[in-house]
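Geometric and topological summary
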Amino acid sequence: MTIQPDSPTKLPRYSRQRMRLNQLAMCLILAAPGLGVQAEEQVVNLYSARHYSTDEALYAGFTKATGIKINRVDADDAGIIARLKAEGSASPADVILLVDAARLWKGETEGLFLPIQSKPLEAAIPPQLRAKPTADGKTAWYGLSTRARIVVYDTAKVRKEDVDTYEKLAEPANKGRVCIRSGSHPYNLSLFGSLTEHMGAEKTEAWLKALVGNMARSPKGGDTDQIKGVASGECAIAITNSYYLARMLRSSNATERGMAERVGVVFPNQSSWGTHINVAGGAVARHAKNTGNAVKFLEYLAGAEAQAYFANGNNEWPAALGIKLDNPALKAMTGAGFKSELIPINTVGMNQVRVQQMLDRVGFK
Ligand code: FE
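Throughout what follows, the structure given in this document is the object of discussion.

Scoring rules and cut-offs
- Residues numbered from 1 in each chain as written.
- Predicted model: local features only at pLDDT ≥ 70, side-chain atom pairs only at ≥ 80, totals over all residues.
- Heavy atoms only, no water.
- Helix = DSSP H or I, 4+ residues; strand = E, 2+ residues; numbered from the N terminus.
- Buried < 20%, exposed > 50% of the residue type's maximum accessible area, 1.4 Å probe, protein only.
- Contact = heavy atoms within 4.5 Å.
- Areas by Shrake-Rupley, 256 points an atom, 1.4 Å probe, with all protein chains shown as cover.
- 1 Å grid on protein atoms, 1.4 Å probe; cavity = no way out; pocket = protein on both sides within 12 Å on 5 of 7 lines; lining within 4 Å.
- Points joined across faces, edges and corners; volume = space filled by probe spheres on them.
- Nonpolar A, V, L, I, M, F, W, Y, C, P; charged D, E, K, R; others polar.
- Pairing = 2+ DSSP bridges.
- Right-handed = clockwise from strand over helix to strand, strands pointing away.
- Polar contact = N/O pair within 3.5 Å; in protein donor to acceptor, adjacent residues only side chain to side chain.
- Arc of directions from axis to C-beta.
- Core = buried A, V, L, I, M, F, W, Y, C linked by side-chain atoms within 4.5 Å.
- Salt bridge = Lys/Arg side-chain N within 4 Å of Asp/Glu carboxyl O.

Looking at the overall build of the protein chain
- Scanning the protein chain from N- to C-terminus turns up 15 helices and nine strands.
- Looking at the protein chain residue by residue over its 365 residues, the buried ones come to 50%.
- Looking at the protein chain alone, contacts between residues at least 24 apart form 76% of all its contacts between residues at least 6 apart.
- Accessible surface, the protein chain as shown: approximately 16,700 Å² in total, 55% of it carbon and sulfur.

Digging into the layout of surface pockets
- When its volume is computed, the largest pocket comes out at roughly 530 Å³.
- Lining of the largest pocket is provided by 26 residues; of these, Thr146, Trp317, Pro318, Phe338 and Ser340 occupy positions nearest its centre.
- For the lining of the largest pocket, the elements supplying multiple residues, two or more each, are β9 (317–318) and α13 (328–334).
- The dominant element in the lining of the largest pocket, judged by the number of residues it contributes, is α13, at three residues.
- Along the lines of polarity and charge, the residues of the lining of the largest pocket split into 16 nonpolar, eight polar and two charged.

Things to note about the pairing of strand β1 (residues 43–48)
- β1 sits mainly inside the fold: six of its six residues count as buried.
- Here β1 shows a buried face lined by Val43, Asn45 and Tyr47 and a second buried face lined by Val44, Leu46 and Ser48.
- As paired strands, β1 and strand β2 (residues 69–74) are joined by six bridges and run parallel to one another. For Ser48, the partnering residue across the bridge sits in β2 and is Asp74.
- Assessed by its sense of winding, the connection that carries the chain from β1 through helix α2 (residues 56–66) to β2 is right-handed.

Quick notes on the side chain of Thr139
- In this structure, Thr139 sits in the loop between α5 (119–124) and β4 (142–153).
- Among the polar contacts made by the side chain of Thr139, one reaches the side chain of Tyr142 at a distance of 3.4 Å.
- In this structure, Thr139 is in contact with Leu114, Pro115, Ile116, Arg130 and Ala131, ignoring residues within four places of it in sequence.

Observations regarding the environment of Ala78
- By the element assignment, Ala78 lies in helix α3 (residues 77–87).
- On the accessibility criterion, Ala78 (36% relative accessible area) is partly exposed.
- Residues Ala78 and Arg103, 25 residues apart in the sequence, show an inter-C-alpha distance of 7.6 Å.

Let's talk about unusual backbone geometry
- One non-glycine residue, Asn269, lies in the positive phi region at around 60 degrees.
- Locating Asn269 in the fold gives a position in the loop between β7 (264–266) and β8 (277–284).
- For Asn315, which is not glycine, the phi torsion reads 60 degrees and is therefore positive.
- Positionally, Asn315 belongs in the loop between α12 (304–314) and β9.
- A relative accessible area of 3% places Asn315 in the buried class.

Brief notes about empty space enclosed by the protein
- Applying the stated criterion across every chain, the model contains one cavity of 30 Å³ or more.
- The computed volume of the largest cavity comes to approximately 30 Å³.
- Around the largest cavity sit Arg50, Leu97, Leu98, Leu144, Ala280, Gly281, Leu301 and Phe310, which together line it.
- Along the lines of polarity and charge, the residues of the lining of the largest cavity split into six nonpolar, one polar and one charged.

Side note on the side chain of Thr165
- For Thr165, the location among the structural elements is in the loop between β4 and β5 (178–179).
- Relative accessible area serves as the criterion here: at 16%, Thr165 is assigned to the buried category.
- A polar contact is formed between the side chain of Thr165 and the backbone nitrogen of Lys168, at a distance of 3.0 Å.
- The contact partners of Thr165, leaving out residues within four places of it in the chain, are Pro268 and Asn269.

Concerning α2
- Along α2, the residues that are buried comprise Leu58, Tyr59, Gly61 and Phe62. End-on, the buried residues of α2 take up no more than an arc of 155 degrees, which puts them together on one face.
- Its buried side turned inward, α2 meets β1, β2, β3 (95–98), α11 (291–301) and α12.
- Where α2 terminates, the next one or two residues include Gly67, which has phi positive at roughly 80 degrees.

Focus on the nonpolar core
- Counting 52 residues, the largest nonpolar core has Ile96, Leu97, Phe113, Ile125, Trp141, Phe297 and Leu301 as its most contacted members.
- If you tally residues by element for this core, the top one is α11, at six residues.
- Excluding anything up to four places from it in sequence, Trp141 contacts Leu104, Trp105, Glu108, Phe113, Leu129, Arg130, Ala131, Val279, Gly282, Ala283, Ile345 and Asn346.
- With 28 residues, the next largest nonpolar core counts Tyr153, Val178, Leu191 and Val362 among its residues.

Topic: the pattern of salt bridges
- Under the counting rule described, the total for this entry stands at 17 salt bridges.
- Of the charged contacts, one joins Arg159 and Glu161 as a salt bridge, the two residues approaching to 3.8 Å between their closest N and O atoms.
- In this structure, a network of salt bridges that share partners links the residues Arg50, Asp55, Arg147 and Glu316.

Pasting the structure below:
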């Protein structure tokens, strides 16, 4: 057989064939397990519901430590879940970050996550802050930071002992005083799901009904608006996630700082089951193409550097134990610390459907 080059600039056909074979062999080597060769592209595609600008430093820290680039899509929890469902197996998502236990549970039950096994994650994150293990010992999602659902109040109108438990917010003494965002917001679904665990469904529904009767106004706005409602005198009592108050306490805006300093703060249920704790957490996406990098990213977020950052950057608490905190606003709010509930966070998510039915029955918008 005579072999002629197609043109002076092209390789002879046999060379091209050999190259293709070489390339194929290389692909097979790269794809073969156990050779320690990283076949994945060095990226991780992140769908994040974390709406905190201070998180940029977290992502930059990961890329610096690993060389893995993060492509990020931001949306809220519901938007991310809807998008994953619509994309199905074509989804480019590798890692999902959601900011509430009820949403993490929903993502898990809808099969949107790929359960994983990771020694560093298991060592770092306490069992009550992660999904229930699967039959084969894997975990669908991990809580990465915690936030408390606390009470703020107008110290001129309300005595601390009238609001030091969630139960008391629904008592007649607090009629016309309470401000809270929509009952169907995940932060509230999780709080009410937690109360259902502690008090039972019947008592929780009665409590919700009485709470609606105690409202100063129809539910509106976010948590920060409730804090401002207390500071402005429209509300005497409000429920908020802890980091919104801490953020205002650390604000560069003197008016915001003043409002936050004016309100009283209570971490409810210190003498019973403890204050309700929610999580922001992460999972590997069911159809992840960069699984190894996805696990690495979650492990990074559970590591000491990122965990300290959750506390000091976005005013949350680390999910991992033994992390040193340096956050004056959290210190001012909690003093020597506080007692948090210890129920498994996945049970809180599980209750959300019945909680929503209760809300509909009692007219909690
Ligand atoms: Fe939030």
